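Observations on the three-dimensional arrangement
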Amino acid sequence: MAGGGGGGGGGGGQKQDDLAPHPVKDQLPGVSYCITSPPPWPEAILLGFQHYLVMLGTTVIIPTALVPQMGGNNEDKAVVIQTLLFVAGINTLLQSFFGTRLPAVIGGSYTFVLPTISIILAGRYMNEPDPHTKFLKIMRGTQGALIVASALQIIVGFSGLWRNVARYLSPLSAAPLIALVGFGLYELGFPSVAKCVEIGLPELILLVIFAMYLPHTIHMMKSIFDRFAVLFTIPIVWLYAYLLTVGGAYRNVSPKTQFHCRTDRSGLIGGAPWIRVPYPFQWGAPTFDAGEAFAMMAASFVALVESTGSFIAVSRFASATPLPPSVLSRGVGWQGVGILLDGLFGTGNGSSVSIENAGLLALTRVGSRRVVQISAGFMIFFSILGKFGAVFASIPAPIFAALYCVFFAYVGSAGLGFLQFCNLNSFRTKFILGFSVFMGFSVPQYFNEYTSVAGFGPVHTRARWFNDMVNVLFSSKAFVGGIVAYVLDNTLHRHDGAVRKDRGYHWWDKFRSYRTDTRSEEFYSLPFNLNKFFPSV
(Lines give C-alpha, C1' and ligand atoms only; values in the text may rest on other atoms or scores of the structure.)
Protein backbone atom coordinates (compact mmCIF):
# COMPACT_ATOMS: atom_id res chain seq x y z
CA MET A 1 0.00 0.00 0.00
CA ALA A 2 1.69 3.19 -1.17
CA GLY A 3 1.54 6.56 0.52
CA GLY A 4 1.27 5.83 4.20
CA GLY A 5 2.85 9.21 5.03
CA GLY A 6 1.02 12.49 5.25
CA GLY A 7 1.85 13.59 1.70
CA GLY A 8 4.87 15.78 2.39
CA GLY A 9 6.87 14.66 -0.65
CA GLY A 10 4.24 15.26 -3.31
CA GLY A 11 3.13 11.80 -4.39
CA GLY A 12 1.87 9.84 -1.41
CA GLY A 13 -1.77 9.89 -0.36
CA GLN A 14 -4.75 11.51 -2.01
CA LYS A 15 -5.75 14.96 -0.87
CA GLN A 16 -8.98 15.22 1.07
CA ASP A 17 -10.36 17.50 -1.68
CA ASP A 18 -10.01 14.68 -4.20
CA LEU A 19 -12.33 12.49 -2.14
CA ALA A 20 -15.00 15.14 -1.54
CA PRO A 21 -18.13 15.01 -3.78
CA HIS A 22 -18.74 17.76 -6.31
CA PRO A 23 -20.44 20.74 -4.65
CA VAL A 24 -24.13 21.39 -5.33
CA LYS A 25 -24.80 24.42 -7.58
CA ASP A 26 -28.13 26.23 -7.72
CA GLN A 27 -26.84 28.01 -10.86
CA LEU A 28 -25.18 26.01 -13.62
CA PRO A 29 -21.49 26.99 -13.94
CA GLY A 30 -19.61 27.12 -17.24
CA VAL A 31 -22.24 29.14 -19.14
CA SER A 32 -20.58 31.81 -21.33
CA TYR A 33 -23.52 34.24 -21.47
CA CYS A 34 -26.44 34.07 -19.04
CA ILE A 35 -29.90 35.64 -19.45
CA THR A 36 -28.89 39.22 -18.80
CA SER A 37 -25.41 39.20 -20.41
CA PRO A 38 -25.82 39.19 -24.20
CA PRO A 39 -22.90 38.41 -26.54
CA PRO A 40 -21.67 41.09 -29.00
CA TRP A 41 -24.23 41.96 -31.68
CA PRO A 42 -22.61 40.11 -34.63
CA GLU A 43 -22.33 36.94 -32.56
CA ALA A 44 -25.83 37.39 -31.14
CA ILE A 45 -27.31 37.68 -34.66
CA LEU A 46 -25.58 34.49 -35.83
CA LEU A 47 -26.69 32.65 -32.70
CA GLY A 48 -30.25 33.93 -33.21
CA PHE A 49 -30.24 32.65 -36.80
CA GLN A 50 -29.01 29.30 -35.50
CA HIS A 51 -31.99 29.09 -33.13
CA TYR A 52 -34.26 29.91 -36.08
CA LEU A 53 -32.77 27.04 -38.12
CA VAL A 54 -33.16 24.57 -35.27
CA MET A 55 -36.84 25.37 -34.63
CA LEU A 56 -37.63 24.98 -38.35
CA GLY A 57 -37.59 21.18 -38.01
CA THR A 58 -40.74 20.91 -35.89
CA THR A 59 -42.32 23.88 -37.70
CA VAL A 60 -42.06 22.02 -41.02
CA ILE A 61 -42.53 18.40 -39.91
CA ILE A 62 -45.91 18.89 -38.17
CA PRO A 63 -47.74 20.69 -41.05
CA THR A 64 -46.09 18.34 -43.58
CA ALA A 65 -47.70 15.42 -41.74
CA LEU A 66 -51.08 17.03 -41.04
CA VAL A 67 -51.99 19.27 -43.99
CA PRO A 68 -52.17 16.47 -46.62
CA GLN A 69 -54.45 14.49 -44.27
CA MET A 70 -56.67 17.57 -44.03
CA GLY A 71 -56.96 17.70 -47.82
CA GLY A 72 -54.56 20.59 -48.35
CA ASN A 73 -52.08 20.91 -51.22
CA ASN A 74 -48.50 22.25 -51.30
CA GLU A 75 -49.72 25.87 -51.34
CA ASP A 76 -51.84 25.25 -48.24
CA LYS A 77 -48.91 23.50 -46.55
CA ALA A 78 -46.58 26.42 -47.29
CA VAL A 79 -49.07 28.94 -45.88
CA VAL A 80 -49.63 26.86 -42.71
CA ILE A 81 -45.86 26.65 -42.17
CA GLN A 82 -45.58 30.42 -42.69
CA THR A 83 -48.38 31.02 -40.20
CA LEU A 84 -46.89 28.65 -37.60
CA LEU A 85 -43.52 30.37 -37.99
CA PHE A 86 -45.05 33.86 -37.73
CA VAL A 87 -47.04 33.07 -34.59
CA ALA A 88 -44.02 31.27 -33.05
CA GLY A 89 -42.04 34.49 -33.43
CA ILE A 90 -44.76 36.53 -31.72
CA ASN A 91 -45.17 33.97 -28.91
CA THR A 92 -41.41 33.81 -28.30
CA LEU A 93 -41.25 37.60 -27.96
CA LEU A 94 -44.25 37.65 -25.61
CA GLN A 95 -42.73 34.93 -23.42
CA SER A 96 -39.29 36.54 -23.27
CA PHE A 97 -40.66 40.03 -22.52
CA PHE A 98 -43.70 39.36 -20.32
CA GLY A 99 -43.78 35.65 -19.44
CA THR A 100 -41.01 33.80 -17.64
CA ARG A 101 -38.42 36.17 -19.22
CA LEU A 102 -36.37 33.06 -20.03
CA PRO A 103 -34.62 32.49 -23.40
CA ALA A 104 -37.27 29.94 -24.37
CA VAL A 105 -38.46 29.54 -27.97
CA ILE A 106 -42.23 28.92 -28.11
CA GLY A 107 -43.07 26.87 -31.20
CA GLY A 108 -45.20 24.03 -32.57
CA SER A 109 -45.79 21.06 -30.29
CA TYR A 110 -46.15 17.34 -31.05
CA THR A 111 -48.48 17.12 -28.05
CA PHE A 112 -51.32 18.66 -30.09
CA VAL A 113 -50.94 16.29 -33.05
CA LEU A 114 -53.15 13.52 -31.61
CA PRO A 115 -56.26 15.68 -31.05
CA THR A 116 -55.73 17.33 -34.45
CA ILE A 117 -55.71 13.90 -36.12
CA SER A 118 -58.89 13.09 -34.18
CA ILE A 119 -60.49 16.22 -35.66
CA ILE A 120 -59.30 15.21 -39.15
CA LEU A 121 -60.99 11.78 -38.73
CA ALA A 122 -64.25 13.24 -37.40
CA GLY A 123 -67.31 11.99 -39.27
CA ARG A 124 -68.63 15.44 -40.12
CA TYR A 125 -65.72 16.03 -42.54
CA MET A 126 -65.68 12.61 -44.22
CA ASN A 127 -68.33 13.27 -46.87
CA GLU A 128 -66.83 16.50 -48.19
CA PRO A 129 -65.90 15.79 -51.87
CA ASP A 130 -63.72 18.84 -52.53
CA PRO A 131 -60.27 18.47 -50.87
CA HIS A 132 -59.68 22.21 -50.45
CA THR A 133 -63.10 22.79 -48.90
CA LYS A 134 -62.44 19.85 -46.58
CA PHE A 135 -59.08 21.39 -45.60
CA LEU A 136 -60.74 24.72 -44.78
CA LYS A 137 -63.47 23.09 -42.68
CA ILE A 138 -61.00 20.96 -40.69
CA MET A 139 -58.72 23.96 -40.16
CA ARG A 140 -61.66 25.99 -38.81
CA GLY A 141 -62.59 23.13 -36.49
CA THR A 142 -58.99 22.97 -35.24
CA GLN A 143 -59.02 26.74 -34.68
CA GLY A 144 -62.15 26.54 -32.57
CA ALA A 145 -60.74 23.70 -30.45
CA LEU A 146 -57.47 25.60 -29.87
CA ILE A 147 -59.29 28.80 -28.88
CA VAL A 148 -61.30 26.92 -26.24
CA ALA A 149 -58.24 24.92 -25.07
CA SER A 150 -56.20 28.10 -24.59
CA ALA A 151 -58.52 29.14 -21.78
CA LEU A 152 -57.19 26.32 -19.59
CA GLN A 153 -53.61 27.60 -19.48
CA ILE A 154 -54.68 31.26 -19.37
CA ILE A 155 -56.89 30.67 -16.31
CA VAL A 156 -54.54 28.25 -14.53
CA GLY A 157 -51.54 30.49 -15.19
CA PHE A 158 -52.80 34.00 -14.56
CA SER A 159 -55.01 33.02 -11.61
CA GLY A 160 -51.93 31.75 -9.78
CA LEU A 161 -53.32 28.21 -9.50
CA TRP A 162 -50.24 26.70 -11.13
CA ARG A 163 -48.10 28.67 -8.70
CA ASN A 164 -49.67 26.69 -5.85
CA VAL A 165 -49.01 23.40 -7.65
CA ALA A 166 -45.39 24.30 -8.43
CA ARG A 167 -44.61 25.17 -4.80
CA TYR A 168 -44.81 21.45 -3.96
CA LEU A 169 -42.35 20.53 -6.70
CA SER A 170 -39.04 19.28 -5.32
CA PRO A 171 -35.79 18.43 -7.13
CA LEU A 172 -36.74 14.74 -6.81
CA SER A 173 -40.12 15.13 -8.53
CA ALA A 174 -38.69 17.60 -11.07
CA ALA A 175 -35.91 15.23 -12.16
CA PRO A 176 -38.13 12.55 -13.86
CA LEU A 177 -40.36 15.23 -15.40
CA ILE A 178 -37.49 17.12 -17.04
CA ALA A 179 -35.60 13.94 -17.96
CA LEU A 180 -38.64 12.51 -19.77
CA VAL A 181 -39.32 15.83 -21.52
CA GLY A 182 -36.01 15.21 -23.33
CA PHE A 183 -35.49 11.43 -23.34
CA GLY A 184 -39.18 10.80 -24.03
CA LEU A 185 -38.80 12.16 -27.57
CA TYR A 186 -36.31 9.44 -28.52
CA GLU A 187 -38.52 8.22 -31.38
CA LEU A 188 -37.97 11.55 -33.15
CA GLY A 189 -34.19 11.03 -33.00
CA PHE A 190 -32.37 8.11 -34.60
CA PRO A 191 -35.46 6.38 -36.06
CA SER A 192 -35.94 9.55 -38.14
CA VAL A 193 -32.21 9.75 -38.89
CA ALA A 194 -32.40 6.20 -40.28
CA LYS A 195 -35.13 7.19 -42.76
CA CYS A 196 -32.26 8.57 -44.83
CA VAL A 197 -29.18 7.31 -43.03
CA GLU A 198 -26.71 8.54 -45.68
CA ILE A 199 -27.74 12.12 -44.83
CA GLY A 200 -28.78 11.90 -41.18
CA LEU A 201 -25.81 9.94 -39.86
CA PRO A 202 -23.13 12.26 -41.37
CA GLU A 203 -24.94 15.23 -39.79
CA LEU A 204 -24.96 13.52 -36.39
CA ILE A 205 -21.28 12.55 -36.60
CA LEU A 206 -20.20 15.99 -37.85
CA LEU A 207 -22.22 17.75 -35.11
CA VAL A 208 -20.51 15.72 -32.39
CA ILE A 209 -17.07 16.31 -33.94
CA PHE A 210 -17.57 20.07 -34.34
CA ALA A 211 -19.19 20.59 -30.94
CA MET A 212 -17.19 18.20 -28.77
CA TYR A 213 -13.85 17.30 -30.36
CA LEU A 214 -12.65 20.26 -32.45
CA PRO A 215 -12.85 22.83 -29.59
CA HIS A 216 -10.32 20.73 -27.66
CA THR A 217 -8.13 20.13 -30.71
CA ILE A 218 -7.93 23.60 -32.29
CA HIS A 219 -7.47 25.94 -29.33
CA MET A 220 -7.26 29.17 -31.37
CA MET A 221 -10.95 28.95 -32.42
CA LYS A 222 -12.20 26.97 -29.44
CA SER A 223 -15.50 28.76 -28.86
CA ILE A 224 -16.30 29.09 -32.56
CA PHE A 225 -16.75 25.38 -33.27
CA ASP A 226 -19.01 24.45 -30.37
CA ARG A 227 -20.98 27.70 -30.44
CA PHE A 228 -21.74 27.56 -34.18
CA ALA A 229 -21.63 23.80 -34.76
CA VAL A 230 -25.13 23.84 -36.28
CA LEU A 231 -24.22 26.63 -38.74
CA PHE A 232 -21.11 24.72 -39.78
CA THR A 233 -22.63 21.28 -40.21
CA ILE A 234 -26.07 21.90 -41.75
CA PRO A 235 -24.74 23.63 -44.93
CA ILE A 236 -22.14 20.87 -45.41
CA VAL A 237 -24.65 18.01 -45.20
CA TRP A 238 -27.36 19.96 -47.02
CA LEU A 239 -24.98 20.52 -49.96
CA TYR A 240 -24.05 16.83 -49.84
CA ALA A 241 -27.76 15.91 -49.97
CA TYR A 242 -28.25 18.30 -52.90
CA LEU A 243 -25.36 16.71 -54.81
CA LEU A 244 -26.84 13.25 -54.22
CA THR A 245 -30.20 14.52 -55.49
CA VAL A 246 -28.95 16.15 -58.71
CA GLY A 247 -26.51 13.29 -59.26
CA GLY A 248 -29.41 10.85 -59.59
CA ALA A 249 -28.72 8.81 -56.47
CA TYR A 250 -32.45 8.61 -55.71
CA ARG A 251 -33.78 8.22 -59.23
CA ASN A 252 -34.93 4.62 -58.92
CA VAL A 253 -35.71 4.34 -55.21
CA SER A 254 -39.08 4.18 -53.46
CA PRO A 255 -41.22 7.35 -53.15
CA LYS A 256 -40.82 7.18 -49.38
CA THR A 257 -37.03 7.28 -49.61
CA GLN A 258 -37.19 10.10 -52.17
CA PHE A 259 -39.44 12.11 -49.84
CA HIS A 260 -37.00 11.84 -46.92
CA CYS A 261 -33.72 12.14 -48.86
CA ARG A 262 -34.21 14.45 -51.81
CA THR A 263 -33.82 18.21 -51.40
CA ASP A 264 -36.52 18.99 -54.00
CA ARG A 265 -39.45 16.96 -52.65
CA SER A 266 -40.87 19.30 -50.01
CA GLY A 267 -42.99 21.32 -52.44
CA LEU A 268 -42.50 24.35 -50.21
CA ILE A 269 -40.50 26.62 -52.51
CA GLY A 270 -42.99 26.34 -55.36
CA GLY A 271 -46.01 26.59 -53.06
CA ALA A 272 -44.85 29.54 -50.96
CA PRO A 273 -45.88 33.09 -51.94
CA TRP A 274 -43.18 35.74 -52.32
CA ILE A 275 -44.62 38.05 -49.67
CA ARG A 276 -47.55 37.31 -47.40
CA VAL A 277 -48.44 38.48 -43.91
CA PRO A 278 -50.51 35.90 -41.96
CA TYR A 279 -53.61 37.38 -40.33
CA PRO A 280 -56.34 36.18 -37.91
CA PHE A 281 -59.21 34.11 -39.35
CA GLN A 282 -57.42 33.76 -42.70
CA TRP A 283 -59.16 30.38 -43.21
CA GLY A 284 -62.58 31.73 -42.24
CA ALA A 285 -64.59 31.86 -39.01
CA PRO A 286 -63.67 29.10 -36.49
CA THR A 287 -66.20 26.37 -35.78
CA PHE A 288 -66.72 24.85 -32.35
CA ASP A 289 -67.43 21.29 -31.28
CA ALA A 290 -67.52 20.32 -27.60
CA GLY A 291 -65.87 16.91 -28.05
CA GLU A 292 -63.01 18.30 -30.12
CA ALA A 293 -62.49 21.10 -27.60
CA PHE A 294 -62.27 18.63 -24.69
CA ALA A 295 -59.62 16.57 -26.49
CA MET A 296 -57.62 19.72 -27.27
CA MET A 297 -57.92 20.83 -23.63
CA ALA A 298 -56.37 17.52 -22.57
CA ALA A 299 -53.46 18.24 -24.93
CA SER A 300 -53.22 21.75 -23.49
CA PHE A 301 -52.93 20.30 -19.97
CA VAL A 302 -50.23 17.87 -21.11
CA ALA A 303 -48.36 20.75 -22.78
CA LEU A 304 -48.66 22.73 -19.54
CA VAL A 305 -46.97 19.93 -17.55
CA GLU A 306 -44.30 19.33 -20.20
CA SER A 307 -43.54 23.05 -20.50
CA THR A 308 -43.12 23.24 -16.73
CA GLY A 309 -40.22 20.82 -17.07
CA SER A 310 -38.93 22.64 -20.15
CA PHE A 311 -38.95 26.06 -18.43
CA ILE A 312 -36.97 24.61 -15.51
CA ALA A 313 -34.43 23.11 -17.93
CA VAL A 314 -34.10 26.43 -19.80
CA SER A 315 -33.55 28.32 -16.54
CA ARG A 316 -30.77 25.84 -15.73
CA PHE A 317 -29.03 26.18 -19.09
CA ALA A 318 -29.32 29.98 -18.89
CA SER A 319 -27.46 29.86 -15.55
CA ALA A 320 -30.44 31.40 -13.76
CA THR A 321 -31.70 30.50 -10.33
CA PRO A 322 -34.63 28.03 -10.10
CA LEU A 323 -37.89 29.55 -11.31
CA PRO A 324 -40.05 31.07 -8.57
CA PRO A 325 -43.51 29.44 -8.80
CA SER A 326 -45.18 32.81 -9.45
CA VAL A 327 -42.94 33.41 -12.49
CA LEU A 328 -43.62 29.89 -13.77
CA SER A 329 -47.37 30.48 -13.42
CA ARG A 330 -47.02 33.79 -15.29
CA GLY A 331 -45.20 31.98 -18.10
CA VAL A 332 -47.94 29.34 -18.32
CA GLY A 333 -50.52 32.11 -18.66
CA TRP A 334 -48.63 33.67 -21.56
CA GLN A 335 -48.23 30.25 -23.16
CA GLY A 336 -52.03 30.04 -23.04
CA VAL A 337 -52.15 33.37 -24.87
CA GLY A 338 -49.84 31.75 -27.43
CA ILE A 339 -52.29 28.87 -27.97
CA LEU A 340 -55.07 31.45 -28.35
CA LEU A 341 -53.05 33.15 -31.11
CA ASP A 342 -52.54 29.73 -32.75
CA GLY A 343 -56.30 29.36 -32.83
CA LEU A 344 -56.96 32.87 -34.11
CA PHE A 345 -54.36 32.70 -36.90
CA GLY A 346 -54.98 29.04 -37.80
CA THR A 347 -51.65 27.24 -37.36
CA GLY A 348 -53.30 23.83 -37.12
CA ASN A 349 -51.23 23.14 -34.02
CA GLY A 350 -50.76 24.39 -30.46
CA SER A 351 -47.63 25.87 -28.88
CA SER A 352 -45.24 24.88 -26.12
CA VAL A 353 -41.58 25.37 -25.24
CA SER A 354 -39.29 24.11 -28.02
CA ILE A 355 -37.23 21.26 -26.52
CA GLU A 356 -34.65 21.36 -29.32
CA ASN A 357 -33.94 25.05 -28.73
CA ALA A 358 -33.54 24.38 -25.02
CA GLY A 359 -30.90 21.79 -25.95
CA LEU A 360 -29.20 24.32 -28.24
CA LEU A 361 -28.72 26.60 -25.21
CA ALA A 362 -26.67 23.81 -23.63
CA LEU A 363 -24.63 23.11 -26.77
CA THR A 364 -23.69 26.76 -27.29
CA ARG A 365 -23.52 27.60 -23.57
CA VAL A 366 -25.26 30.86 -24.43
CA GLY A 367 -28.45 31.47 -22.44
CA SER A 368 -28.91 35.09 -23.48
CA ARG A 369 -32.47 36.42 -23.71
CA ARG A 370 -31.44 38.79 -26.51
CA VAL A 371 -30.30 35.91 -28.73
CA VAL A 372 -33.71 34.23 -28.57
CA GLN A 373 -35.46 37.55 -29.22
CA ILE A 374 -33.32 37.97 -32.33
CA SER A 375 -34.31 34.46 -33.42
CA ALA A 376 -37.97 35.51 -33.05
CA GLY A 377 -37.21 38.39 -35.41
CA PHE A 378 -35.88 35.89 -37.98
CA MET A 379 -39.05 33.78 -37.60
CA ILE A 380 -41.31 36.73 -38.33
CA PHE A 381 -39.10 38.07 -41.16
CA PHE A 382 -38.80 34.77 -43.04
CA SER A 383 -42.48 33.93 -42.50
CA ILE A 384 -43.45 37.10 -44.36
CA LEU A 385 -40.88 36.59 -47.15
CA GLY A 386 -42.29 33.20 -48.05
CA LYS A 387 -39.89 32.08 -50.82
CA PHE A 388 -36.78 32.82 -48.78
CA GLY A 389 -38.17 31.08 -45.71
CA ALA A 390 -39.19 28.07 -47.83
CA VAL A 391 -35.58 27.59 -48.96
CA PHE A 392 -34.45 26.97 -45.37
CA ALA A 393 -37.60 25.00 -44.59
CA SER A 394 -36.76 22.55 -47.39
CA ILE A 395 -33.79 21.11 -45.45
CA PRO A 396 -34.37 17.30 -45.36
CA ALA A 397 -35.97 16.10 -42.11
CA PRO A 398 -33.21 13.53 -41.26
CA ILE A 399 -30.78 16.45 -40.81
CA PHE A 400 -33.06 17.92 -38.13
CA ALA A 401 -33.47 14.47 -36.57
CA ALA A 402 -29.69 14.27 -36.16
CA LEU A 403 -29.77 17.58 -34.26
CA TYR A 404 -32.53 16.20 -32.04
CA CYS A 405 -30.31 13.29 -30.97
CA VAL A 406 -28.02 15.82 -29.27
CA PHE A 407 -30.51 18.48 -28.15
CA PHE A 408 -33.12 16.15 -26.62
CA ALA A 409 -30.32 14.30 -24.83
CA TYR A 410 -29.08 17.58 -23.33
CA VAL A 411 -32.54 18.40 -21.96
CA GLY A 412 -32.89 14.91 -20.52
CA SER A 413 -29.53 15.29 -18.80
CA ALA A 414 -30.73 18.55 -17.24
CA GLY A 415 -33.36 16.51 -15.42
CA LEU A 416 -30.76 14.04 -14.17
CA GLY A 417 -28.69 17.02 -12.98
CA PHE A 418 -31.31 17.84 -10.33
CA LEU A 419 -30.53 14.58 -8.57
CA GLN A 420 -27.46 16.32 -7.13
CA PHE A 421 -29.85 17.92 -4.61
CA CYS A 422 -31.29 14.54 -3.55
CA ASN A 423 -30.06 11.69 -1.37
CA LEU A 424 -29.48 8.88 -3.85
CA ASN A 425 -28.66 6.46 -1.02
CA SER A 426 -32.27 6.65 0.19
CA PHE A 427 -34.51 3.74 -0.84
CA ARG A 428 -37.46 6.15 -0.96
CA THR A 429 -35.58 8.26 -3.51
CA LYS A 430 -34.63 5.18 -5.53
CA PHE A 431 -38.23 3.95 -5.64
CA ILE A 432 -39.78 7.27 -6.68
CA LEU A 433 -37.10 7.95 -9.29
CA GLY A 434 -37.03 4.46 -10.79
CA PHE A 435 -40.78 3.82 -10.70
CA SER A 436 -41.76 7.19 -12.20
CA VAL A 437 -39.23 6.94 -15.04
CA PHE A 438 -40.19 3.32 -15.76
CA MET A 439 -43.92 4.06 -15.80
CA GLY A 440 -43.26 7.18 -17.87
CA PHE A 441 -41.87 4.98 -20.63
CA SER A 442 -44.03 1.90 -20.08
CA VAL A 443 -47.58 3.32 -19.93
CA PRO A 444 -47.34 5.42 -23.15
CA GLN A 445 -45.69 2.44 -24.87
CA TYR A 446 -48.77 0.33 -24.05
CA PHE A 447 -51.11 3.04 -25.34
CA ASN A 448 -49.10 3.47 -28.56
CA GLU A 449 -48.81 -0.29 -29.22
CA TYR A 450 -52.52 -0.81 -28.61
CA THR A 451 -53.42 2.04 -30.95
CA SER A 452 -51.10 0.84 -33.73
CA VAL A 453 -52.66 -2.66 -33.66
CA ALA A 454 -56.32 -1.87 -32.99
CA GLY A 455 -56.56 1.49 -34.76
CA PHE A 456 -57.95 3.12 -31.62
CA GLY A 457 -56.72 3.65 -28.07
CA PRO A 458 -57.23 1.34 -25.07
CA VAL A 459 -60.03 3.62 -23.86
CA HIS A 460 -62.80 3.36 -26.48
CA THR A 461 -66.19 4.15 -25.02
CA ARG A 462 -69.09 5.59 -27.01
CA ALA A 463 -68.01 9.07 -25.94
CA ARG A 464 -65.25 9.81 -28.43
CA TRP A 465 -64.26 13.03 -26.70
CA PHE A 466 -63.58 11.08 -23.48
CA ASN A 467 -61.51 8.51 -25.38
CA ASP A 468 -59.41 11.23 -26.97
CA MET A 469 -58.85 12.99 -23.65
CA VAL A 470 -57.58 9.88 -21.86
CA ASN A 471 -55.51 8.65 -24.79
CA VAL A 472 -53.82 12.06 -25.16
CA LEU A 473 -52.99 12.24 -21.44
CA PHE A 474 -51.45 8.77 -21.20
CA SER A 475 -49.52 8.96 -24.47
CA SER A 476 -47.12 11.58 -23.05
CA LYS A 477 -44.09 10.10 -21.31
CA ALA A 478 -43.23 13.32 -19.49
CA PHE A 479 -46.81 13.73 -18.27
CA VAL A 480 -47.12 10.20 -16.92
CA GLY A 481 -43.66 10.13 -15.32
CA GLY A 482 -43.98 13.67 -13.95
CA ILE A 483 -47.42 13.09 -12.39
CA VAL A 484 -46.35 9.76 -10.82
CA ALA A 485 -43.21 11.35 -9.32
CA TYR A 486 -45.13 14.42 -8.08
CA VAL A 487 -47.88 12.39 -6.37
CA LEU A 488 -45.51 9.89 -4.77
CA ASP A 489 -43.08 12.57 -3.61
CA ASN A 490 -45.85 14.56 -1.93
CA THR A 491 -47.63 11.62 -0.28
CA LEU A 492 -44.98 9.02 0.62
CA HIS A 493 -43.64 9.64 4.18
CA ARG A 494 -43.73 13.35 3.41
CA HIS A 495 -43.77 14.52 7.05
CA ASP A 496 -40.70 12.51 8.04
CA GLY A 497 -37.94 15.00 8.93
CA ALA A 498 -35.22 13.14 7.00
CA VAL A 499 -37.40 12.89 3.88
CA ARG A 500 -37.41 16.66 3.38
CA LYS A 501 -33.63 16.59 2.92
CA ASP A 502 -33.67 13.35 0.92
CA ARG A 503 -35.98 14.85 -1.69
CA GLY A 504 -33.92 18.06 -1.90
CA TYR A 505 -36.90 20.21 -0.89
CA HIS A 506 -34.79 22.35 1.45
CA TRP A 507 -32.49 23.41 -1.42
CA TRP A 508 -35.35 25.16 -3.21
CA ASP A 509 -36.90 26.78 -0.11
CA LYS A 510 -35.49 30.23 -0.82
CA PHE A 511 -36.79 30.17 -4.40
CA ARG A 512 -40.42 29.39 -3.50
CA SER A 513 -41.12 33.08 -3.12
CA TYR A 514 -39.99 35.75 -5.58
CA ARG A 515 -38.72 38.08 -2.84
CA THR A 516 -36.62 35.64 -0.78
CA ASP A 517 -33.69 35.58 -3.21
CA THR A 518 -32.21 38.81 -4.55
CA ARG A 519 -31.25 37.20 -7.87
CA SER A 520 -34.92 36.73 -8.84
CA GLU A 521 -35.17 40.44 -9.60
CA GLU A 522 -32.16 40.25 -11.92
CA PHE A 523 -33.43 37.29 -13.95
CA TYR A 524 -37.21 37.46 -13.87
CA SER A 525 -38.37 41.05 -13.28
CA LEU A 526 -40.68 42.48 -15.94
CA PRO A 527 -39.50 45.28 -18.25
CA PHE A 528 -40.85 48.85 -18.41
CA ASN A 529 -41.39 48.86 -14.62
CA LEU A 530 -44.39 46.54 -15.06
CA ASN A 531 -43.66 44.78 -11.76
CA LYS A 532 -45.61 47.60 -10.07
CA PHE A 533 -48.77 46.52 -11.88
CA PHE A 534 -48.11 42.77 -12.07
CA PRO A 535 -46.24 41.93 -8.86
CA SER A 536 -44.60 38.54 -8.39
CA VAL A 537 -45.05 36.85 -5.03
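Before going into details, it helps to say that this report is about the structure given with it. (Residues numbered from 1 in each chain as written. Predicted model: local features only at pLDDT ≥ 70, side-chain atom pairs only at ≥ 80, totals over all residues. Heavy atoms only, no water.)

**A look at the state of the cysteines**
Rules: Defined by distance alone, a disulfide is two cysteine sulfur atoms within 2.5 Å. Numbering of helices and strands starts at the N terminus; helices are DSSP runs of H or I of at least 4 residues and strands are runs of E of at least 2.
All chains considered together, the criterion is met by one disulfide. A disulfide bridge connects C196 with C261, and the sulfur atoms are separated by 2.0 Å. One quick way to see it: the torsion about the S-S bond of C196 and C261 is about 125°, and its sign makes the bridge right-handed. Of this pair, C196 sits in the loop between helix 8 (190-193) and helix 9 (197-217) while C261 sits in helix 12 (residues 255-261); the two residues are 65 residues apart in sequence, bridging distant segments of the chain. Looking at the unpaired C405, the closest cysteine sulfur is the one in C196, lying at 14 Å.

**Details of the side chain of S475**
Worth spelling out the cut-off: For every residue, the accessible area obtained with a 1.4 Å probe (protein chains only) is divided by the maximum for its type, and the residue is called buried under 20%, exposed over 50%, and partly exposed between those limits. Between N or O atoms, a polar contact is any pair within 3.5 Å; within protein, one atom must be a potential hydrogen donor and the other a potential acceptor, and residues adjacent in sequence are included only when both atoms are from side chains. Any pair of residues with heavy atoms lying within 4.5 Å of one another is described as a contacting pair.
One can find S475 in the loop between helix 21 (464-473) and helix 22 (477-491). A residue is classified by how much of its surface remains accessible, and S475, at 18% relative accessible area, is buried. Separated by 2.6 Å, the side chain of S475 and the backbone oxygen of N471 make a polar contact. With near-sequence residues (within four places) excluded, S475 lies in contact with L114, P444, F447 and N448.

**Remarks on helix 9**
Note the following rule: Axes are fitted to the seven residues ending at a residue and to the seven starting at it; the angle between these axes is taken as the bend at that residue.
Remark: the principal bend of helix 9, roughly 35°, maps to F210. Those residues of helix 9 that fall on the buried side of the exposure criterion are I199, G200, E203, L204, L207, F210, A211, L214 and P215.

**Some points on helix 2 (residues 41-70)**
Just so we agree on the cut-off: Helices are assigned an expected span. That span is 1.5 Å times one less than the residue count.
Its 30 residues place the ends of helix 2 42 Å apart at the C-alpha level, agreeing with the 44 Å of an ideal helix rising 1.5 Å per residue. Along helix 2, the helix axis deviates most sharply at M55, where the bend reaches about 30°. In the stretch just after helix 2, G71 is the one whose phi turns positive, near 105°.

**Comments concerning empty space enclosed by the protein**
The criterion, for reference: Grid spacing is 1 Å over the protein atoms alone, the probe is 1.4 Å, and a cavity is where that probe fits but cannot get out, while a pocket is an open set with protein on both sides within 12 Å along at least five of seven lines and lining residues have an atom within 4 Å of a point. Grid points are joined across faces, edges and corners, and a volume is the space filled by probe spheres set on the points. Any residue outside Ala, Val, Leu, Ile, Met, Phe, Trp, Tyr, Cys, Pro, Asp, Glu, Lys and Arg is labelled polar, Gly included; the first ten of those are nonpolar and the last four are charged.
Summed over the entire model, instances satisfying the criterion amount to five cavities of 30 Å³ or more. Considered as a void within the structure, the largest cavity measures approximately 140 Å³ in volume. Looking at the largest cavity, the residues that line it are A166, L169, I312, P322, L323, P324, P325, L328, W508, F511 and R512. In this structure, the second largest cavity encloses a volume near 90 Å³. Looking at the second largest cavity, the residues that line it are A78, I81, Q82, L85, L268, A272, F382, S383, G386, G389, A390 and A393. For the lining of the second largest cavity, a count of residues per class yields eight nonpolar, four polar and no charged.

**Re the packing of helix 2 against helix 16 (residues 355-364)**
Applicable threshold: In this analysis, axes come from line fits to C-alpha atoms, helices being fitted only over the stretch in contact, and the angle between any two N-to-C directions falls in the range 0 to 180 degrees. The crossing is said to be left-handed when, going from far helix to near helix, the turn is anticlockwise and less than a right angle, and right-handed when the turn is clockwise.
Running from N to C, helix 2 and helix 16 cross one another at 145°; their axes reach a closest spacing of 9 Å. Remark: the crossing between helix 2 and helix 16 carries right-handed chirality. Facing L47, Q50, H51, V54, M55 and T58 of helix 2, the residues of helix 16 in contact are E356, N357, L360, L361 and T364. Here the contact of helix 2 with helix 16 is composed, by residue class, of five nonpolar, five polar and one charged.

**A look at the nonpolar core**
Let me state the cut-off plainly: Put simply, a nonpolar core is a bunch of buried Ala, Val, Leu, Ile, Met, Phe, Trp, Tyr and Cys residues held in one set by side-chain atoms that sit within 4.5 Å of each other.
Judged by nonpolar contacts, the single largest core of 133 residues is most densely connected at Y52, V230 and L363. Not counting residues within four places of it along the chain, the set of residues in contact with Y52 comprises L85, S375, F378, M379, F382, G389 and F392. Of all hydrophobic cores here, the second largest spans seven residues; its members include V60, I81, A272 and A390.

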